[in-house]
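# Coordinates in review
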Amino acid sequence: MTREPSRDRSGVLSRDRSGVPGRDPSGVPGGDPDFRPHRVVVLALDGLLPFELGIPHRIFGRPKDTRGRHLYEVVTCSVRPPGPVETDADFAIHVAHGPEALATADTVIVPASYELGPVHEEGVLTEELAAALAHIRPGTRLASICTGVYVLAAAGYLDGRPATTHWADAERLQRMFPKVKVDADVLFIDDGDVLTSAGVAAGIDLCLHIVRRDHGTAVANDVARRTVVPPHRDGGQAQYIQRPVPDPQQATTTTARAWALGRLHEPIQLRDMAEQEAMSVRTFTRRFREETGVSPGQWLTQQRVERARYLLESTDLSVDQVARDAGFGTAQSMRQHLQAALGVTPTAYRRTFRAATETAGGRGGTVGTGVTNSARVGRS
C-alpha cells in the first residue's frame with residue numbers, strides 16, 4: 001500500500017465527524033458551530049506504552065486560540081470495536097472508539113507497541129491492522145512515535161522517504177525495509193505529510209514540532225512551558241547513545257551555551273565559547289558534540305533560526321532588523337538559513353504565522369503550511 005504525498009489540506013476541515021462523538025467542536029459554551037478543531041486520532045495497539053500513548057493527548061490537548069477554543073481534538077481508537085487494549089504495564093485501558101475513527105482524522109499518530117507481531121518480525125501488516133489503516137483518507141497527515149514507525153513502513157507509507165526510530169532499533173528497521181531512508185541520529189524527521197520520531201520522549205519533541213508547524217513558535221512554546229519541557233532540544237540521538245548520563249565530575253559546555261544564547265545578536269567565535277569553559281577549542285568542540293550531538297556552529301545556527309522565527313511571528317521588526325537581532329547579520333544570510341531549515345523565506349514565514357495568529361482557530365487546525373519540507377530536525 002503506497003501513498004502519493006499530499007501537501008493540500010484545504011478540504012480536511014469539512015470532513016464529517018458525526019461517527020465519532022466528542023466535545024462541542026468549538027470547545028467553549030455557545031461556540032461557533034462552524035469552528036472545527038484539527039482532529040488527531042491516536043491508534044492504540046496491544047502492547048502499547050502508556051507514556052507514549054499519553055504524549056499526543058498532553059501536547060495537543062493544550063493549545064487554544066484567543067477565544068479559548070481548543071485548536072486540536074484528540075481521539076483514541078483501536079483496530080477493534082470499542083473495548084480493552086492491553087498495555088506493556090500491569091493494566092489495560094478502555095478505548096471508546098473503533099477503527100472507523102481513523103476516517104475522521106486530520107492527523108493519525110501511531111505510538112510504540114511491544115506486541116506488533118508480524119509487523120515487527122516480518123514487516124507485514126496483520127489483516128486486522130490493514131483493515132483499520134484502510135479507513136485513513138488520502139491527504140491525512142501521518143506520524144509515528146518510536147517503533148510505531150514499523151506500522152507506517154509495513155503499510156508502504158515510508159517507501160523512498162526518510163524516517164527515524166529509536167536508535168537501538170534503527171539498524172533492524174533499515175534491514176527489514178530497505179526502501180526506507182533510515183536516519184538514526186535525529187530526534188525526529190518531518191517529511192511533510194509523514195513524520196517519524198525517535199524513542200519515548202522524542203515523541204514530545206515531535207508533537208511540539210507539529211504544534212509549532214501548525215500554529216507557530218509562540219503557541220508551541222506556551223505548551224512546552226505548561227508541560228515543563230524544553231520547547232526545542234539540542235542535537236540528536238547521538239548524545240544519548242554515547243553518553244546517557246554525563247559524568248558529574250567532568251566539565252560541561254552548559255555555561256558556554258547560556259553565554260551564547262544571551263549574545264545571539266553578536267558575532268560569536270568558537271574560541272570565545274571555548275574560553276567560557278576554560279577549554280582548548282579542540283577539547284571544547286569534542287565535548288560540545290558529545291553533549292548535544294551537533295557541532296557548536298550547527299547549534300548556533302539552530303538557535304538563531306529559532307530566534308528569527310520568534311521575532312518574525314511576534315514583532316513588526318523589518319526583515320533586516322530581525323536578521324541583525326538573530327545574529328545573521330544580513331537579510332540575505334537569514335533568508336538562506338531559513339530556506340534551508342524551514343523551506344520558506346522570512347517574508348513567507350511571517351505572512352503564514354502572523355495571519356494564523358490574527359485568525360487563530362478560525363480555520364481549525366490547518367496542516368501543510370509549507371514551513372517544513374523534508375526537514376531532518378535535530379541535526380544540521
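Thresholds applied
Residues numbered from 1 in each chain as written. Predicted model: local features only at pLDDT ≥ 70, side-chain atom pairs only at ≥ 80, totals over all residues. Heavy atoms only, no water. Helix = DSSP H or I, 4+ residues; strand = E, 2+ residues; numbered from the N terminus. Buried < 20%, exposed > 50% of the residue type's maximum accessible area, 1.4 Å probe, protein only. Contact = heavy atoms within 4.5 Å. Areas by Shrake-Rupley, 256 points an atom, 1.4 Å probe, with all protein chains shown as cover. Salt bridge = Lys/Arg side-chain N within 4 Å of Asp/Glu carboxyl O. Arc of directions from axis to C-beta. Lys, Arg positive; Asp, Glu negative; His and termini not counted. Polar contact = N/O pair within 3.5 Å; in protein donor to acceptor, adjacent residues only side chain to side chain. Pairing = 2+ DSSP bridges. Core = buried A, V, L, I, M, F, W, Y, C linked by side-chain atoms within 4.5 Å. Phe/Tyr/Trp six-rings, centres within 6.5 Å; stacked < 30°, edge-to-face > 60°. Axes fitted to C-alpha atoms, helices over the stretch in contact; angles between N-to-C directions. Parallel < 35°, antiparallel > 145°, perpendicular 65-115°, else oblique.

## Some points on the overall build of the protein
For the protein, the count of helices and strands is 15 helices and eleven strands. Counting all 380 residues of the protein, 53% fall into the buried class. Intrachain contacts of the protein at a sequence separation of at least 6 include 69% that bridge at least 24 residues. Carbon and sulfur atoms form 51% of the exposed surface of the protein, whose accessible area is close to 16,400 Å².

## Looking at the pattern of salt bridges
Taken as a whole and judged by the stated rule, the model has 15 salt bridges. Across the pair Arg 287 and Glu 290 runs a salt bridge, and its minimum N-O distance is 3.9 Å. You can see Arg 287 and its partner Glu 290 sitting in helix H11 (residues 281-292), three residues apart, about one turn around the helix. Both residues of the pair, Arg 287 and Glu 290, belong to the buried class. Here the salt bridges share partners, and the residues they tie into one network are Arg 161, Asp 191 and Asp 193.

## What to know about helix H9 (residues 254-261)
Within H9 the residues assigned to the buried category are Ala 256, Arg 257, Trp 259 and Ala 260. One side of H9 carries all its buried residues, which in axial view fall inside an arc of 160°. Among the structural elements, helix H10 (270-276), H11 and helix H12 (296-314) are those in contact with the buried residues of H9.

## Description of the side chain of Glu 313
The residue Glu 313 is located in helix H12 in this model. Although Glu 313 lies buried, it forms no salt bridge, and the closest oppositely charged side chain, Arg 309, sits 4.9 Å away as judged by the N-O distance. Within the local environment of Glu 313, its side chain forms a polar contact with the side chain of Tyr 349, the two groups lying 2.5 Å apart.

## Considerations on the pairing of strand E1 (residues 38-43)
For E1, the tally of buried residues reaches six of six residues, placing the bulk of the element in the interior. Residues His 38, Val 40 and Val 42 point to one face of E1 and Arg 39, Val 41 and Leu 43 to the other, with burial holding for every one of them. Pairing geometry for E1 and strand E2 (residues 72-77), over six bridges, is parallel. If you follow His 38 over to E2, its bridge partner there is Tyr 72.

## Re the nonpolar core
Within the largest apolar cluster, 34 residues are counted, with the highest numbers of intra-cluster contacts made by Leu 43, Leu 45, Leu 102, Leu 129, Leu 133, Val 151 and Leu 158. Among the secondary structure elements, those contributing two or more residues to this core are E1, E2, strand E5 (107-110), helix H3 (127-133), helix H4 (149-154) and helix H5 (170-176). In terms of residues, this core owes the most to one element, H4, which gives six residues. In this structure, Val 95, Ile 145, Leu 208 and Ala 220 belong to the second largest nonpolar core, which totals 31 residues.

## Some words on the side chain of His 120
Its place among the elements puts His 120 in helix H2 (residues 118-121). Residue His 120 is classed as buried on the basis of its relative accessible area, which comes to 19%. Among the polar contacts made by the side chain of His 120, one reaches the side chain of Glu 121 at a distance of 3.4 Å. For His 120, the contacting residues outside a window of four places in its chain are Tyr 150, Asp 169, Arg 172 and Met 176.

## Examining the environment of Ile 189
By the secondary structure assignment, Ile 189 is in strand E9 (residues 188-190). Along the backbone, Ile 189 and Thr 165 are 24 residues apart, and their C-alpha atoms lie at a distance of 9.4 Å.

## Re the packing of aromatic side chains
Tallying each qualifying case throughout the model produces four aromatic pairs. Between Tyr 150 and Phe 177, the aromatic rings sit 6.1 Å apart at their centres with planes inclined by 65°, giving edge-to-face as the arrangement. Linking Tyr 150 in helix H4 with Phe 177 in the loop between H5 and strand E8 (181-182), this pair joins segments that are 27 residues apart in sequence. Owing to a relative accessible area of 0%, Tyr 150 belongs among the buried residues under this scheme.

## Structural notes on the packing of H12 against helix H14 (residues 331-342)
Remark: H12 packs on H14, axes separated minimally by 10 Å, with the N-to-C direction vectors making an angle of 100°. Classed by the angle they form, the pair H12 and H14 counts as roughly perpendicular. Across the interface between the two elements, Thr 301, Val 305, Ala 308, Arg 309 and Leu 312 from H12 touch Met 334, His 337, Leu 338, Ala 341 and Leu 342 from H14.

## Focus on unusual backbone geometry
Of note in this structure, Cys 146 is not a glycine but carries a positive phi near 60°. Looking at where Cys 146 falls in the secondary structure, it is placed in the loop between strand E6 (141-144) and H4. For Cys 146, a relative accessible area of 7% puts it in the buried group. Unusually for a residue other than glycine, Ala 278 sits at a positive phi of about 55°. Its location among the elements puts Ala 278 in the loop between H10 and H11.

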